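Spelled out from the first residue to the last, the chains are:
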Amino acid sequence: MAYAITQTCCNDASCVSVCPVNCIHPTPDEPEFGTTDMLYIDPQACIDCGACADACPVDAVFPVDRLRGPDTVFGDLNRDWYRDHPSDHAWGAPSFPRSLPGDVGTLRIAIVGTGPSAGYTAQELLRSTGAELTMIDRLPVTGGLLRHGVAPDHQSTKRIAESFASVFHDPRLRMHLNVEIGTDVTHRELAAHHHAVVYAVGAAADRRLGIPGEDLPGSLPATAFVGWYNADPTVLADAVELSAERVVVVGNGNVAVDIARILLSDPDRLAATDIADHALAALRRSRVREVVLLARRGPEQAAWTRAEFLALRQLPGVELVVEDHPEVRAAIEAAASGVAPDTPAAPGSQAGLLAGLPLVPYDGGAAPGPGRRIVLRFLSAPVGLSGDGRVEALTVARTTLVDGGRAEPTGEQEVLRAGLVVRSIGHRGVPVPGLPFDERTGTVAHRGGRVVDPATGQPLPGTYVVGWAKRGPSGGIGANRACARETVDALLDDAAARALPVPGAGAGAKDFDRLVRRRRPDAVGLKELRAVERAERERGEAEGRPRVKLATVSELLAAGRRR
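**A short note on the layout of surface pockets**
Empty space within the second largest pocket amounts to approximately 960 Å³. Taken together, 29 residues form the lining of the second largest pocket, with Ser17, Pro28, Asp29, Ser95 and Arg485 sitting closest to its centre. Among the secondary structure elements, those contributing two or more residues to the lining of the second largest pocket are helix H1 (14–18), helix H4 (116–128) and helix H16 (479–496). A per-element tally of the lining of the second largest pocket places H16 first, with six residues. Of the residues assigned to the lining of the second largest pocket, the class counts are 14 nonpolar, six polar and nine charged.

**Looking at the nonpolar core**
The biggest cluster of nonpolar side chains holds 125 residues, and the ones touching the most others in it are Ile5, Ile24, Phe225, Ile374 and Leu376. Aside from chain neighbours lying at most four places away, what touches Ile5 is Cys15, Ile24, Met38, Leu39, Tyr40, Ile41, Ala60, Val61, Phe74 and Asn78. By size, the runner-up hydrophobic cluster in this structure holds 18 residues, among which are Ala110, Val112, Ile136 and Ala469.

**Some details on the packing of aromatic side chains**
Taken as a whole and judged by the stated rule, the model has seven aromatic pairs. A ring pair is formed by Trp81 and Tyr82, whose centres lie 5.0 Å apart and whose planes are at 80°; its orientation type is edge-to-face. There is no split in this pair, since Trp81 and Tyr82 are both buried. Seen from their ring centres, Phe225 and Trp228 are 5.5 Å apart, and the 55° between their planes marks the pair as tilted. With Phe225 and Trp228 both in helix H9 (residues 222–229) and three residues apart, the pair spans about one turn of that helix. The two residues Phe225 and Trp228 agree in class, both being buried. What links up through ring pairs into an aromatic cluster is the set Tyr40, Trp81 and Tyr82.

**Focus on the side chain of Asp494**
Within the element layout of this structure, Asp494 appears in helix H16. In contact with Asp494, not counting residues within four places along its chain, are Arg450, Tyr464, Ala499 and Leu500.

**A short note on the sheet that holds strand S13 (residues 318–323)**
Strand order in the open sheet made by the seven strands is S10-S19-S11-S12-S15-S13-S14, with parallel pairing throughout. Strand pairing shows two members of the sheet lacking a second neighbour, strand S10 (219–221) and strand S14 (359–360), which therefore form its edges. Of the strand pairs in this sheet, strand S12 (residues 290–294) and strand S15 (residues 372–377) are connected by five bridges, and their pairing is parallel. From the neighbouring strand, Val292 faces S15, where its bridge partner is Val375. In this fold H9 packs onto S10 and strand S19 (420–423), with an angle of close to 80° to the strand it touches most, S10.

**Quick notes on the pattern of salt bridges**
It is possible for side chains of opposite charge to pair when their charged atoms get near one another. Tallied over the entire structure, the rule returns 44 salt bridges. The closest approach of N and O atoms between Arg519 and Glu189, which form a salt bridge, is 2.6 Å. Here the residue Arg519 occupies a position in helix H17 (residues 509–519), and Glu189 occupies one in helix H8 (residues 187–192), the gap between them amounting to 330 residues. The closest approach of N and O atoms between Glu533 and Arg537, which form a salt bridge, is 3.4 Å.

**Here's the deal with the side chain of His176**
Its place among the elements puts His176 in strand S7 (residues 173–177). Under the relative-accessibility criterion, His176 is labelled buried at 9%. With sequence-adjacent residues up to four places away left out, His176 is seen in contact with Thr134, Met135, Ile136, Asp137, Phe512, Asp513, Val516 and Val524.

**Examining the pairing of strand S5 (residues 108–112)**
Counting buried positions along S5 gives five out of five residues, so the element sits mostly inside the fold. Along S5, one buried face is formed by Arg108, Ala110 and Val112 and the opposite face, lined by Ile109 and Ile111, is buried too. Where S5 meets strand S6 (residues 132–137), five bridges bridge the pair, whose relative direction is parallel. Residue pairing across strands places Ile109 opposite Leu133, the latter belonging to S6. Note that the unit made of S5, H4 and S6 has a crossover that is right-handed. Sheet topology note: the S5/strand S8 (residues 196–199) ladder contains four bridges and is parallel. In the sheet register, Ile109 faces S8, and the bridge partner there is Ala196.

How each quantity is defined
Once a new chain begins, its residue numbering starts again from 1 and follows that chain's sequence as written. Local features in this predicted model are restricted to residues of pLDDT 70 or higher, and side-chain atom pairs are both shown and tallied only at a pLDDT of 80 or more, whereas totals for entire chains, interfaces and linings draw on every residue. Computation of side-chain values: all heavy atoms of the structure, hydrogens and water removed. The definitions used throughout rest on a 1 Å grid laid over the protein atoms alone, on which a cavity is an enclosed set of points accommodating a 1.4 Å probe that cannot get out and a pocket is an open set flanked by protein within 12 Å on both sides along at least five of seven lines; lining residues are those having an atom within 4 Å of a point. Grid points are joined across faces, edges and corners, and a volume is the space filled by probe spheres set on the points. The numbering of helices and of strands both runs from the N terminus, where a helix is a DSSP run of H or I of at least 4 residues and a strand a run of E of at least 2. Put simply, Ala, Val, Leu, Ile, Met, Phe, Trp, Tyr, Cys and Pro go in the nonpolar bin, Asp, Glu, Lys and Arg in the charged bin, and everything else, Gly too, in the polar bin. Residues belong to a common nonpolar core when they are buried Ala, Val, Leu, Ile, Met, Phe, Trp, Tyr or Cys residues joined through side-chain atoms within 4.5 Å. Think of it in three bands: with a 1.4 Å probe and only protein chains considered, a residue is buried below 20% of the maximum accessible area for its type, exposed above 50%, and partly exposed in between. Contacts were defined at the residue level, with two residues in contact if any of their heavy atoms lie within 4.5 Å. Aromatic pairing here means that ring centres of Phe, Tyr or Trp (its six-membered ring) are within 6.5 Å. Orientation follows from the plane angle: under 30 degrees is stacked, over 60 is edge-to-face, and everything else is tilted. In this scheme, strands are said to pair when DSSP sees at least two bridges between them. For every element, the axis is a line fit to its C-alpha atoms; helices are fit only across the contacting stretch, and the angle between N-to-C directions ranges from 0 to 180 degrees. We define a salt bridge as a contact between a side-chain nitrogen of Lys or Arg and a carboxyl oxygen of Asp or Glu at a distance within 4 Å. We call a crossover right-handed when, viewed with both strands directed away from the observer, the connection leading from the first strand over the helix to the second proceeds clockwise.

In structure tokens form, the structure reads like this:
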């Protein structure tokens, strides 16, 4: 029986490299890699060896005959992908690990950040070189997006962190947490103590709507909401109030889907995860019964992945409905019928995922009806928030699609009553002190991972970038693996060409350690990090949970001191 890849696929292609018959696609060498929702196994070519399941870091691969309930659809998704993507499964040219000339010596490389892109970068460097690494993070705990971005009910996805555990504990790696570049240590000082510095700082800011009332209490960015339920120590425990019956989430990507799902999930189910204690307590008291996912364009342009949306359809005790609208109805019917190949909604499209869902009239000015439900509302753009001291209503303008998918206002407006509005319209990078920043893209200015001076176009020697800070907020966790490989290849090319700066006298690893301790006496090292891990897992074990997260900097530092 063939294997199939399921919802939690991380796209890091660990499975591709171990498949003996090359039946998992797209591979990192193929154009669609990094843009598809997930990877797919060809049931006709699969020999049922199980190597992919053993290699998968997030337990996303199962025999088709073991799939149950809502997961059975993934057998069909894997098979159907190959109808449109025929493959002869021919092997490409072999690739071999990088190596450096023996006379290069031992490189000292700093990596700023400890999230997935930083983890993959460190893996590549430790496997292919004898480099000594320094990892730095502004928070007193590692993980980045894995800890503070992945929804708590996606525990399988979080397992990829285990693959980085050996990296963080490697004897060639030093750890300095609770240290911020630009405040505690400058880029110039960091570069002076290392041959190269790789910035893996993500995209920490959110995009704004730019509408009146956006700064009212009760209006939040998705980054704050996600950090709130994931115990991000930079987000206050009382940042989210759930006293209203209706919440509007502006956007319909995977983060918006996560927020809607968490808001309406049974708290008893969430109690078995690593959700923040304060969030779990608030969800138990919550009055929220309806979540509206608002999108300015149509169903065909929805940004969620197929796997995440299919999971949303299976949320126990929650009705999923679509606001009835002529354009929306037409798009769904065209996708479901498959008889109009020239329509925007072709068979198998995003619009086709909505087939079979109830199409209902919707009055956002009235109180929500009984029960819990998620309303998908398309062709609606937010134009203003209003309320007496906090958000009470959201004004939306109706839109229509023109010129192949561009949304234009029709002139019709409507007011939705809502006590909480969450904007989930994307992340944006923030400038790193001492580095050039591209305001247009919200990324560190670079070329192929090498940080460059925009004025001259010349690379800054020994300075590199990876992850969302490099390519913008696109791609899931696994996409960082190929991104890290490109940046590391650039770094190793420069090392082989003797183009990396050489730290001077008095700028060794121990000298940098002393500088950090002097500037930041409460910096967290590997021993303290291990103590935090033990404390959280012990608390979790006592409650039947994977861990109970410490949610403030003071709690994390106190746990680290109890090593």
